[in-house]
Amino acid sequence: AMGGNHTQPKFILLGITDSPWAQAPLFVLFLLIYVVTLAGNIGLMVLVWVAPSLHTPMYFFLTHLSLADVCYSTVISPKMLTDLLFGNKTISWAGCVIQFHLFALFVTAECHLLAAMAYDRHVAVCHPLSYVTAVSPRACWHLVAWSYLVASLSALVYTACTFGGSFCGPRRVDHFFCDAGPVLRLSCSDTRGREVAVFALAAANGLGTAVVILLSYGRVLRAILGLRSAPSRARAFRTCASHLASVSVFYGSLFFMYLQPASRHGSRDKVASVFYTVVSPVLNPFIYSLRNKEVKAALGKCRGRMLNLC
């Protein structure tokens, strides 16, 4: 069966649901979320680009977070939407490999970017005097380059482990995109070693960045509680709480998916996957930016400029 992937080079994605009445409402819901994801994230990237007041490390990281969100939701949502609309659920072997590889790359990059943002907040609140040197433009580029480098290397390993074996029999992927677990379950060669490799690397990326985030925000909260003025304490606390809410949705669903044994996976996986593939990218621009005075001020200025041009 080693040549299996040449003779029958297609997978069938079983999708989110097999009930026909649910497909149309889900299509409308996910289309709406995808459009808002694109508008929110691309809008934020453009705003940061055109507004000099937002040329700060925090917004620099935020544009890359938005880019990762746009990329990985685009890797998954359009295919999921066409499957819901037309019921054509086949995906070619190459399509499946590319979809999983890009998804793994951008989700891993997002973990490291969230850690870089938490580090940025930690330095800003706890070491404001050394902020300019600690988070210099060069340091920011190094952190972003590191995020993409680690993500690229990790994605190569994930993809090689997931698609490295032989596949035989019906290739029905019980998911709405080509993900490691559902694809590995279709392999007819021994997958234990490859499953361990994927698990270990996912744990290193996920838990490693989660520890950085928790330590950073832990120190930030301790510094906030030491502030004298109640209004500034409340403001700083609100910012941290919203960031932690976004991080919790993303990491909670990721850990549920990837840090449990293969035997425990079931239909709830699809619900968890919807959270980090669909819900998290749409929430991020709103959680990180719309509650900030700087973003509101920059939006106001841009609106004023647009009206003057008209």
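As shown above, the structure is provided for reference.
Residues numbered from 1 in each chain as written. Predicted model: local features only at pLDDT ≥ 70, side-chain atom pairs only at ≥ 80, totals over all residues. Heavy atoms only, no water.

## Observations regarding the overall build of the chain
Part 1 of the argument: In terms of regular secondary structure, the chain is built from 11 helices and 3 strands.
Part 2 of the argument: Helices (α) and strands (β) of the chain occur, in sequence order from the N terminus, as α-β-α-α-β-α-α-α-β-α-α-α-α-α.
Part 3 of the argument: For a compact globule of 310 residues, the expected C-alpha radius of gyration is about 19 Å, and the chain comes in at 21 Å, within 12% of that figure.
Part 4 of the argument: Taking the principal axes of the C-alpha coordinates as reference, the chain spans close to 65 × 45 × 30 Å.
Part 5 of the argument: Scored against the burial criterion, the 310 residues of the chain give a buried share of 48%.
Part 6 of the argument: The contacts in the chain between residues at least 6 apart in sequence include a share of 78% that link residues at least 24 apart.
Part 7 of the argument: Approximately 15200 Å² of the chain is accessible, and the part contributed by carbon and sulfur atoms is 71%.
Part 8 of the argument: For the chain, the separation between the mean place of its 25 positive charges and that of its 11 negative charges on side chains is 11 Å. (Helix = DSSP H or I, 4+ residues; strand = E, 2+ residues; numbered from the N terminus. Rg over C-alpha atoms; globule rule 2.2 N^0.38 Å. Buried < 20%, exposed > 50% of the residue type's maximum accessible area, 1.4 Å probe, protein only. Contact = heavy atoms within 4.5 Å. Areas by Shrake-Rupley, 256 points an atom, 1.4 Å probe, with all protein chains shown as cover. Lys, Arg positive; Asp, Glu negative; His and termini not counted. Charge placed at Lys NZ, Arg CZ, Asp CG, Glu CD.)

## Quick word on the pattern of salt bridges
Part 1 of the argument: Within the structure shown, the criterion is met by 4 salt bridges.
Part 2 of the argument: When the shortest N-O distance is used, the salt bridge between K79 and D83 registers 2.9 Å. With K79 and D83 both in helix α3 (residues 57-86), this residue pair falls 4 residues apart, about one helical turn. Neither K79 nor D83 differs from the other in exposure class; each is buried.
Part 3 of the argument: Here K270 ties to D174 by a salt bridge, and the two come within 2.9 Å at their closest N and O atoms. Highlighted residues: K270 in helix α10 (residues 268-290) and D174 in the loop between β3 (172-173) and α7 (180-184), separated in sequence by 96 residues. (Salt bridge = Lys/Arg side-chain N within 4 Å of Asp/Glu carboxyl O.)

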